[in-house]
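Below are the chains, spelled out letter by letter.
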Amino acid sequence: MVPRVQLPPEIQLAQRLAGNEQVTRDRAVRKLRKYIVARTQRAAGGFTHDELLKVWKGLFYCMWMQDKPLLQEELGRTISQLIHAFQTTEAQHLFLQTFWQTMNREWTGIDRLRLDKFYMLMRLVLKESLTALRMRGWEGRQIEQLLELLTTEILHPDSQAPSGVKSHFIEIFLEELAKVGAAELTADQNLKFIDPFCRIAAQTKDSLVLHNITRGIFETIVEQAPFAIEDLMDEMEEEEEESSSEGDEEEEDVSSKKLFRKPPKGTFCGMDPDVGEERPEDNEDDTGTVLQFDYEAVANRLFEVASQQSTPSLNRKRLYKVIRKLQDLAEGLFPEDDIPEKAYRKLLKGRRERKAKKRLPKSRLQSKTGRGEREAPAADPSSRSERTRQWQGTGADPTAPQEQHGGRGRRGARKRRRRPQAGAKVPGCQEPDTKKKRAQKSKK
């Protein structure tokens, strides 16, 4: 009897993760998390590249087998949060690297009915990888390592990433970065995050990648500029309110300061803010917080990479258009459709006044221009006769009695035209050829 070969734990977990029963798959995900924590805590432990590829193979088909959108979202969140079970940064980066390699390898086999849940999985994994950076305080070295990994596996022309993976990653990058770090990241750090896109946009020979980066990164920055200014002004107003409240509370005791809690905006004496006012979170059109950028620095960096001799002419031409927009933003010139009211209240006020002057009602125009017309005497009947004479024509007799017009306004009923009789000849009209032939036969 041949002894049974003991399979490695990674293969056993992968087989259970791809099982047919949901209970088996859920139990395998929980065991995988415990196994990762136990193995990465050991000094000599850790995973190899091939072992994590096998783990991700099982996780991929675990997501493949999952039905129902809510359960898919829950499973995607659970899988993406496995990155926090790794104890070292190197192990986390290896976990992310094998994930993107698995997506690149399996992407062409995904049917259109399963695309949405894998789009969601990519978004969640990217969000958790940025969250891991935030937990480490946005260290510069960690940011560089993550960006190098993403560039090598997805954005670089030599990578094996399909066009669908590249397009979706470019589309969601700024959005997920804003969700995780918009309140903490500075303009210099944000420039570091978009630096790989600047380099790839100048080097790539793929027109689709160039279009997606230009549209999804740089033009998005330009479009969000007014909202970024609004966020800055809101922060300045909050700081002013806090400073004024601190000045008013200097006379109070330290104990009362600790217990005091400022009620939320829109409340009165701690009442529910829902009473009498809507919360800003309930507004569907709210764009949320956006990333802050130094537009002049972004324009300079783009110009540096676009002006190189190795940059294709199509890329240079497209990037120069973006550079002009960024330079306009640095000088304070915004598209008129995107001007925020708080930032340009005076400009909007002057514009409204000019529009109001142009759209004055007729009553105001008559009161301003025609006061003398109100005080003028009644119109002379001779002027009325002159008007009727002009209307009826110069040959009409002014002393002739005027006909009372019917219900057709000033013109009245139209006169019927006389039709010529059958034998009558109308001057200026030619007879038909048939009549001419009949007349010639009668003469003969």
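To be clear, the structure that these remarks concern was listed above.
Since this is a predicted model, take the numbers as computed values, not measurements.

All right, on to the pattern of salt bridges then. Applying the stated criterion across every chain, the model contains 16 salt bridges. Across the salt bridge formed by Arg215 and Glu219, the nearest N and O atoms sit 3.6 Å from each other. Taken as a pair, Arg215 and Glu219 lie in helix 10 (residues 207-223) at a separation of four residues, close to a single helical turn. Taken together, the salt bridges that share partners define one network made up of Arg123, Glu175, Glu176 and Lys179.

Attention now moves to a negative patch on the surface. On the surface, Asp188, Asp294, Glu296, Asp328 and Glu331 cluster together into a negatively charged patch. With respect to the secondary-structure elements, Glu331 resides in the loop between helix 14 (313-330) and helix 15 (345-358). Here Glu331 falls in the exposed class, since its relative accessible area comes to 60%.

Okay, unusual backbone geometry next. Of note, the phi angle at Lys68 is positive, near 70°, even though the residue is not glycine. Secondary-structure assignment places Lys68 in the loop between helix 3 (49-65) and helix 4 (69-80). You can call Lys68 exposed: its relative accessible area is 59%. Even without a glycine there, the phi angle at Trp138 is positive, about 55°. Residue placement: Trp138 occurs in the loop between helix 6 (115-135) and helix 7 (140-155). Under the relative-accessibility criterion, Trp138 is labelled buried at 7%.

All right, on to the nonpolar core then. Phe173 and Phe193 are the most contacted members of the largest nonpolar core, which totals 88 residues. With nine residues, helix 8 (residues 163-181) is the single largest residue contributor to this core. Here Phe173 is in contact with Leu126, Leu147, Leu150, Phe193 and Phe197, once residues within four sequence places are set aside.

This paragraph deals with the packing of aromatic side chains. Evaluation of the coordinates by the stated rule reveals 18 aromatic pairs. For the pair Tyr35 and Phe47, a centre-to-centre distance of 5.7 Å together with 75° between the ring planes defines the contact as edge-to-face. Taken together, the residues Tyr35 in helix 2 (residues 22-41) and Phe47 in the loop between helix 2 and helix 3 connect sequence positions twelve residues apart. Under the relative-accessibility criterion, Tyr35 is labelled partly exposed at 23%.

The rules behind the values
- Residues numbered from 1 in each chain as written.
- Predicted model: local features only at pLDDT ≥ 70, side-chain atom pairs only at ≥ 80, totals over all residues.
- Heavy atoms only, no water.
- Salt bridge = Lys/Arg side-chain N within 4 Å of Asp/Glu carboxyl O.
- Helix = DSSP H or I, 4+ residues; strand = E, 2+ residues; numbered from the N terminus.
- Patch = residues over 30% accessible without salt bridge, like charges linked within 9 Å, V, L, I, M, F, W, Y side chains within 5 Å.
- Areas by Shrake-Rupley, 256 points an atom, 1.4 Å probe, with all protein chains shown as cover.
- Lys, Arg positive; Asp, Glu negative; His and termini not counted.
- Charge placed at Lys NZ, Arg CZ, Asp CG, Glu CD.
- Buried < 20%, exposed > 50% of the residue type's maximum accessible area, 1.4 Å probe, protein only.
- Core = buried A, V, L, I, M, F, W, Y, C linked by side-chain atoms within 4.5 Å.
- Contact = heavy atoms within 4.5 Å.
- Phe/Tyr/Trp six-rings, centres within 6.5 Å; stacked < 30°, edge-to-face > 60°.

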